Amino acid sequence: MIVSASRRTDIPTYYSDWFFNRIKAGYVLVRNPINFHQVSKISLSKDIVDGIVFWTKNPIPMMGRLGEIKDYPYYFQFTLTAYGKDVEPNIPSKYEYIIPAFQQLSRQIGKERVVWRYDPIFLNDIYTMEYHCRCFEALANRLYPYTNQCTVSFIDYYQKTQRNTKSLHIVEMSLDQKLELMEKFSFIASKYGLAMDTCAEEIDLSQFGIRHAHCIDKRRLEKIGRFALNVEKDKNQRLECGCMASVDIGMYHTCKNGCLYCYANVNDKTAYKNFEKHNKNSPLLYGELMAEDVVKERKLTSCQNGQLQFF
């Protein structure tokens, strides 16, 4: 079993104490996003968990305790964009805090465990193609010694995303604009020795050496864990998504980053309200079990085939 922590919220930034408490307890309770009172009990035993993928914009609250998960293969999907407070209002200063955190995290756990995400990409009067190219190169120059991979994507226009980004006056990108920007990004990435891929994008960019991403990456976990995995593509994700099957332990509408493009929050008010219900000692990310909840233990097993791989 691979654990995703989490596409639904920023666990390293806001819920790291809770996460380490759940590791110590050996299990976590996760509500079904569709049926609130259907709760799954998921084992976090190192005998079952083949790897953990963290998704974050700020790992600083977690970095001092990573020794507590030394027995688990894991890596970070680390989103670091060039947007300002008008887009990502609650992210600390990129140059004072986040870039140094990226560098320190890599020094601490190794560059193969830190994937740089520059996403989602959108255009408006401020964030032009020229702006993205200039900032992408500035970030690449700072990050290339600390990662070997950069994943990009274009903004998805969900209904709530369109509502929350209305103030940004986003201009929808044409196919030609996407191709032009990715050609320029590819040139910059190659200059710094970075491999590039796209997250859940239909567009074929192989002409620029840009692949389709596997953000929950079987091969990366195999290399980190020095084992082989029998794991299939995640059928619950979009067709264009290359991720392997995983179990997400987060909950929607709980992230306080406040990013306007976020699809995981309906709005900031709900996220803050749910965060107030957070108890780091609870088996649930927020709130407590209710009388009407139905808790069922999911029968999950390791996907390792037992053959040690040497890389």
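Residues numbered from 1 in each chain as written. Predicted model: local features only at pLDDT ≥ 70, side-chain atom pairs only at ≥ 80, totals over all residues. Heavy atoms only, no water.

## So, the pattern of salt bridges
Then step 1. Tallied over the entire structure, the rule returns ten salt bridges.
Then step 2. One salt bridge in this structure joins Arg65 and Asp17, with 3.0 Å as the shortest N-O distance. Of this pair, Arg65 sits in the loop between helix H3 (60-63) and strand E5 (74-79) while Asp17 is found in helix H2 (residues 16-25), placing the two residues 48 residues apart along the sequence.
Then step 3. Arg31 is paired through a salt bridge with Asp293; the nearest N and O atoms lie 2.9 Å apart. (Salt bridge = Lys/Arg side-chain N within 4 Å of Asp/Glu carboxyl O. Helix = DSSP H or I, 4+ residues; strand = E, 2+ residues; numbered from the N terminus.)

## Details of a nonpolar patch on the surface
Then step 1. A cluster of nonpolar residues, Tyr158, Tyr252 and Tyr263, forms a patch on the protein surface that exposes about 270 Å² of accessible area.
Then step 2. Along the chain, the position of Tyr252 falls in the loop between strand E11 (247-248) and helix H9 (268-275). (Patch = residues over 30% accessible without salt bridge, like charges linked within 9 Å, V, L, I, M, F, W, Y side chains within 5 Å. Areas by Shrake-Rupley, 256 points an atom, 1.4 Å probe, with all protein chains shown as cover.)

## With respect to helix H7 (residues 175-191)
Then step 1. Taking 1.5 Å per residue as the helical rise, H7 with its 17 residues ought to reach 24 Å, and the 24 Å between its terminal C-alpha atoms agrees with that figure.
Then step 2. Of all the residues in H7, the buried ones are Leu181, Met182, Phe185, Ser186, Ile188 and Ala189. What you see down the axis of H7 is that its buried residues fit within an arc of 165 degrees, all on one side. What points out from H7, more than 90 degrees from its buried face, is the exposed set Asp176, Phe187, Ser190 and Lys191.
Then step 3. As for H7, its buried residues are in contact with strand E6 (114-121), helix H5 (129-143), strand E7 (149-154) and strand E8 (195-198).
Then step 4. Phi turns positive one or two residues past the end of H7, at Gly193, with a value near 70 degrees. (Expected span 1.5 Å × (residues − 1). Buried < 20%, exposed > 50% of the residue type's maximum accessible area, 1.4 Å probe, protein only. Arc of directions from axis to C-beta. Contact = heavy atoms within 4.5 Å.)

## Quick look at the environment of Ile34
Then step 1. Secondary-structure assignment places Ile34 in the loop between strand E2 (27-31) and strand E3 (38-43).
Then step 2. When the C-alpha atoms of Ile34 and Lys280 are compared, they prove to be 24 Å apart, with 246 residues separating the residues in sequence.

## Comments concerning the sheet that holds strand E9 (residues 211-212)
Then step 1. With parallel pairing, eight strands are arranged side by side in an open sheet as E9-E8-E7-E6-E5-E4-E1-E11. Each edge of the open sheet is held by one strand with a lone partner, namely E9 and E11.
Then step 2. Looking at chain direction, E8 and E9 are connected through two bridges and run parallel. Within E9, the position partnered with Thr198 by the bridge is His212.
Then step 3. Helix-sheet contacts for helix H4 (residues 94-109) involve E5 and E6, and the interaxial angle to E5 is about 165 degrees.
Then step 4. Of the strands in this sheet, strand E1 (2-5), strand E4 (51-56), E5, E6 and E7 are in contact with helix H8 (residues 218-225), which crosses E5 at around 135 degrees. (Pairing = 2+ DSSP bridges. Axes fitted to C-alpha atoms, helices over the stretch in contact; angles between N-to-C directions.)

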